[in-house]
Amino acid sequence: MKSLKWRMVTIYVLLVLIVMIACGTMIVTQISSNAYREIENSLKKSISTSMEAIGESSTKEEAITKWENAIKEYRDSERKLFLLDTNGKVIYADKIVRETYLTPMVMAAIDDKTMKEFDKVYEKNKDDDKEYLGYARPIKVNDEVVAVIYMLAPSWQVKVNLYSTIKIIILAIFFAIILSIAFGFMFSNFLTKPIIALSNKARDMSEGDLDNPMEVLSDDEIGELTKNFNIMAKELNHNITEISSEKNKLETVFAHMTDGILVFDTEGLLIHSNPATRKLIGLTNKNTFLEIFGDYLDTTYDRLLTHIKGGIRQHIIRIKEKYVNLCFAPYLDQNENIMGSICVIQDITKHKKLEEMQKEFVANVSHELRTPLTTIKSYAETLINGALDDREITVDFLNVINHESDRMTALVQDLLELSRLDNKQTKFRMQSINLSHIVEGSINKFQIHAKKKHQTMVYNSTESDYKIIGDANRIEQVIKNIISNAVKYSNEGDSITINVFEESDYVVVMIEDTGMGIPNEDLTRIFDRFYRVDKARSRAMGGTGLGLAIAKEIMDYHGGHINVTSEIGVGTCFYLYFPYEG
């Protein structure tokens with residue numbers, strides 16, 4: 001972690017450094033500018049004075065002679081004075097160093113022009129080159145330039161002085177940095193000491209120490225912050241106490257509820273459960289929604305969260321011998337965002353069993369057994385009352401009684417089978433089977449019945465062997481039931497067509513007849529138990545009204561489904577969809 005103290009010291013030192021460098025740069029620039037300006041003014045003044053001594057001259061020689069007499073008093077050991085002709089060659093010099101000077105200033109003077117910028121000329125002096133500033137003025141006779149006065153003044157000393165000034169400035173910056181570091185530490189300690197105290201107190205608060213307020217040491221903003229911090233700690237302590245009390249109340253309620261409670265977060269992880277839940281569904285080593293309900297609910301946790309946004313969602317599942325009602329509802333944060341879900345688990349085993357008993361015995365069995373029992377009773381009473389003497393009548397009546405007994409036996413067998421399917425007691429021998437062979441075998445068994453009614457049964461066989469996973473006997477039971485119905489409810493001379501084909505991920509068995517058809521209003525109910533389209537005709541043909549219901553249960557167990565289309569007077573077509581093995 002970077003220290004606030006060091007950051008403050010660093011900022012303070014950088015600020016001082018930037019100010020010192022900026023000031024030093026300005027000082028050096030100003031000194032250099034003033035020194036060069038002073039040399040330039042001196043050159044201008046000296047040459048201007050010498051020019052005034054020349055005055056008006058009529059010839060070149062006269063002008064040169066006057067100038068030579070005038071410059072005797074301006075000679076010194078540092079400055080160098082030259083008289084140049086119009087080609088830049090030296091005519092007169094204190095000390096000849098070069099024979100020609102063709103600098104920009106000299107060229108401008110030869111052309112009778114002026115330049116603002118002075119020449120910088122480097123002359124050899126012992127072991128190094130010395131810098132000079134050069135200034136030139138033309139000598140004119142009759143407005144014609146006949147010669148040029150050129151003077152060099154030493155400027156190298158300016159740089160020497162600047163280097164000395166820069167050294168002093170660097171030394172001052174060094175001492176300023178040391179002082180800024182010292183003052184920076186003093187200033188940062190003054191600011192960070194109370195902040196460190198607040199940080200330590202916050203750490204103590206995170207560990208539960210909310211009862212010891214901090215001492216207020218000043219009346220400034222830091223002191224005000226300390227006061228507010230103490231107020232916050234007091235309010236926080238009060239709120240935590242209230243929350244803890246409410247939590248204890250809720251935990252007591254949850255612990256003694258007969259209904260189970262499960263709480264999941266947004267990822268489906270279990271974050272809370274009560275003892276009743278463990279009794280109802282068991283939670284041994286199960287910590288996620290998928291682990292708890294994956295075998296019972298055909299949905300994912302994300303999909304469930306989406307569904308419960310609109311309100312409570314309920315599911316009834318069976319766990320071993322128990323039926324439980326799962327009631328899912330979302331719990332939200334203060335911004336109405338879903339934070340997870342709550343599941344209330346209710347044991348409805350008794351209610352479910354009563355409902356099943358009512359549905360199985362009262363609503364269905366009593367209705368279906370009434371007609372055959374009435375028939376048997378009436379025929380038996382007739383025989384008892386004297387019909388036994390007539391052998392022909394007795395045989396007919398006994399045949400009717402036997403037929404109705406067979407119907408009741410078939411009905412009871414179907415009821416028992418449905419009961420076992422509902423209670424998951426039926427054992428299925430699931431294995432890889434050839435659906436085409438089962439279809440062919442079922443058709444062969446009903447060919448004789450179709451021929452008796454002069455019906456045409458057509459099977460459009462294929463060379464493909466459609467493999468599925470299932471119980472061969474149960475699947476044959478479904479197919480035979482549909483073919484049997486097609487034969488029963490089709491008139492003489494009608495045709496029945498069977499096809500097997502592949503559609504998406506399913507193998508489809510299509511059984512189509514040209515029989516009487518089913519009304520549209522009855523299509524949605526033909527799979528209901530004991531439901532018949534034409535009750536009188538169905539009973540006359542020996543049907544129990546449970547065949548399609550059993551077929552649907554078997555198809556559901558295999559992961560398939562049944563579709564049906566029909567039109568009165570045209571015929572009916574059943575589609576059996578089986579998951580394709582591949």
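Residues numbered from 1 in each chain as written. Predicted model: local features only at pLDDT ≥ 70, side-chain atom pairs only at ≥ 80, totals over all residues. Heavy atoms only, no water.

A. Structural context of a nonpolar patch on the surface. On the surface, a cluster of nonpolar side chains totalling about 420 Å² of accessible area is made up of Tyr12, Leu179, Phe183 and Met186. In terms of residue count, helix H4 (residues 156–206) provides more of the nonpolar patch than any other element does, 3 residues in total. Topologically, methionine 186 is positioned in helix H4. Classification of methionine 186 by relative accessible area gives exposed; the value is 55%. (Patch = residues over 30% accessible without salt bridge, like charges linked within 9 Å, V, L, I, M, F, W, Y side chains within 5 Å. Areas by Shrake-Rupley, 256 points an atom, 1.4 Å probe, with all protein chains shown as cover. Salt bridge = Lys/Arg side-chain N within 4 Å of Asp/Glu carboxyl O. Helix = DSSP H or I, 4+ residues; strand = E, 2+ residues; numbered from the N terminus. Buried < 20%, exposed > 50% of the residue type's maximum accessible area, 1.4 Å probe, protein only.)

B. Layout of the pattern of salt bridges. Counted according to the given criterion, the structure contains 5 salt bridges. In this structure, aspartate 112 engages lysine 140 in a salt bridge whose closest nitrogen and oxygen atoms are separated by 3.6 Å. In this pair, aspartate 112 sits in the loop between helix H3 (104–110) and strand E3 (119–125) while lysine 140 sits in strand E4 (residues 128–141), placing the two residues 28 residues apart along the sequence. When its relative accessible area of 40% is taken as the criterion, aspartate 112 is described as partly exposed. Between lysine 249 and glutamate 246 there is a salt bridge, and its shortest N-O distance comes to 3.5 Å. Separated by 3 residues within a single helix, lysine 249 and glutamate 246 lie in helix H5 (residues 221–255), roughly one turn from each other. Using a relative accessible area of 48% as the deciding quantity, one classes lysine 249 as partly exposed. Note on glutamate 246: relative accessible area 44%, which makes it partly exposed.

C. Up close: the state of the cysteines. A full pass over the atoms with the stated rule returns 0 disulfides. Here cysteine 327 is not cross-linked by a disulfide; its sulfur's nearest cysteine counterpart is in cysteine 343, at 7.7 Å. (Disulfide = S-S within 2.5 Å.)

D. Representation of helix H12 (residues 472–488) within the structure. In this model, H12 (17 residues) spans 24 Å end to end at C-alpha, consistent with the 24 Å of a helix rising 1.5 Å per residue. If you check which residues of H12 are buried, you get Arg474, Ile475, Glu476, Val478, Ile479, Asn481, Ile482, Ile483, Ser484, Ala486 and Val487. One side-chain oxygen at the N-terminal end of H12 lies 3.0 Å from the backbone nitrogen of asparagine 473; it belongs to aspartate 471. (Expected span 1.5 Å × (residues − 1). Polar contact = N/O pair within 3.5 Å; in protein donor to acceptor, adjacent residues only side chain to side chain.)

E. Broad picture of the pairing of strand E10 (residues 338–347). Of the strand pairs in this sheet, strand E6 (residues 260–265) and E10 are connected by 6 bridges, and their pairing is antiparallel. Within E10, the residue paired with leucine 262 across the bridge is cysteine 343. Pairing of strand E9 (residues 322–332) with E10 involves 9 bridges; the strand directions are antiparallel. Residue pairing across strands places valine 324 opposite aspartate 347, the latter belonging to E10. In textbook terms, the turn of a hairpin is the stretch between consecutive antiparallel strands, and for E9 and E10 this stretch comprises 5 residues, one of which, glutamate 336, has a positive phi near 65°. (Pairing = 2+ DSSP bridges.)

F. Region of the structure containing the sheet that holds strand E14 (residues 495–503). Judged by pairing direction, the sheet is mixed, and its 5 strands sit side by side in the order E12-E14-E15-E17-E16 without closing on themselves. At either end of the open sheet lies a strand with only one pairing partner, and these are strand E12 (456–460) and strand E16 (561–567). Looking at each pair of strands side by side, their axes are set apart by 15° on average, direction ignored. Relative to E14, E12 is paired through 5 bridges, and the arrangement is parallel. Looking at E14, one finds that methionine 457 is bridged to isoleucine 496. Seen against the sheet, helix H11 (residues 435–452) touches E12, E14, strand E15 (506–513) and strand E17 (571–579) and runs at an angle of roughly 165° to E12. Its contacts with the sheet put H12 on E12, E14, E15 and E17, and the angle it makes with E17 is roughly 175°. (Axes fitted to C-alpha atoms, helices over the stretch in contact; angles between N-to-C directions. Contact = heavy atoms within 4.5 Å.)

Scope: geometric values only; no functional claims are made or implied.
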